[in-house]
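Chain residues, written in single-letter form:
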Amino acid sequence: MAHILIIEDNAANMKLAVLLLENAGHTSLCAADAETGLTMARASRPDLILMDIQLPGMDGLAATKLLKQDPHTAGIPVLALTAMAMKEDREKTRLAGCDAYIAKPLRYLELYEKIDALLTLGKAAADGEAIPVQRSP
Ligand code: MN
C-alpha cells in the first residue's frame, strides 16, 4: 500500500493514526514536530503526509507551505488533521496548500476514504493525467 508520514505532537493521537494506517495496510513514519517532519519528507519522499495543524514551534500550516514551495516535496499530498472546526480555519488549511482536511477525533472510515482519494489523485498526477501542458503557438 502506501508509505505515509505522520506529523503529530500528541502521543495518543500518533498511536491511533499509526494503528489505523497499519490496519489499512499502509506503512508509517512518525515525526513529533514540523522541523523533523520536513526533514523526513525530503529524505524519504512519502506517498502522503498526515499533518497535524497545532504543533509546538512551527505549525502545520507553515510546514505545509514549505513543503508545497519545494519542488522535491510539492507533489506529496497533505491531509490536514485538526481540532479546528470553524469554516475559516478549514479555509486556512486550503490556502496553506493542504490537499484535504479532517477534523479530529479521527474516524477511520473518513480517514481511509480521504487517503484513498488523495493517493488516486497523486497517481494520476504522476502518470501525467493531471498535468496541463503549455505550448506556445
Ligand atoms: Mn497537535
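All of these numbers come straight from a predicted model, not from anything done at the bench.

1. Structural notes on the pairing of strand S4 (residues 78-82)
Each regular strand carries side chains that alternate between the two faces of the sheet. Burial analysis of S4 places 5 of its 5 residues in the buried class, which makes it a mostly covered element. Covered by surrounding structure in S4 are Val78, Ala80 and Thr82 together with Leu79 and Leu81, the residues of both alternating faces. The pairing of strand S3 (residues 48-52) with S4 spans 4 bridges and is classified as parallel. Directly across from Asp52, in S4, lies its bridge partner Leu81. In this region the chain leaves S3, passes through helix H3 (residues 60-69) and returns to the parallel neighbour S4; the handedness of that crossover is right-handed. Across 4 bridges, S4 lies against strand S5 (residues 100-103) in parallel orientation. In the strand pairing of S5, Leu81 is matched with Ile102.

2. Concerning the confidence of the model for the chain
Per-residue confidence for the chain gives a mean pLDDT of 90, with 88% of residues at or over 70. Of all helices and strands in the chain, the one with the weakest mean pLDDT is helix H5 (residues 108-126) (87), whereas strand S1 (residues 3-7) scores best (98).

Calculation rules
- Residues numbered from 1 in each chain as written.
- Predicted model: local features only at pLDDT ≥ 70, side-chain atom pairs only at ≥ 80, totals over all residues.
- Heavy atoms only, no water.
- Buried < 20%, exposed > 50% of the residue type's maximum accessible area, 1.4 Å probe, protein only.
- Helix = DSSP H or I, 4+ residues; strand = E, 2+ residues; numbered from the N terminus.
- Pairing = 2+ DSSP bridges.
- Right-handed = clockwise from strand over helix to strand, strands pointing away.
- pLDDT = per-residue confidence, 0-100.

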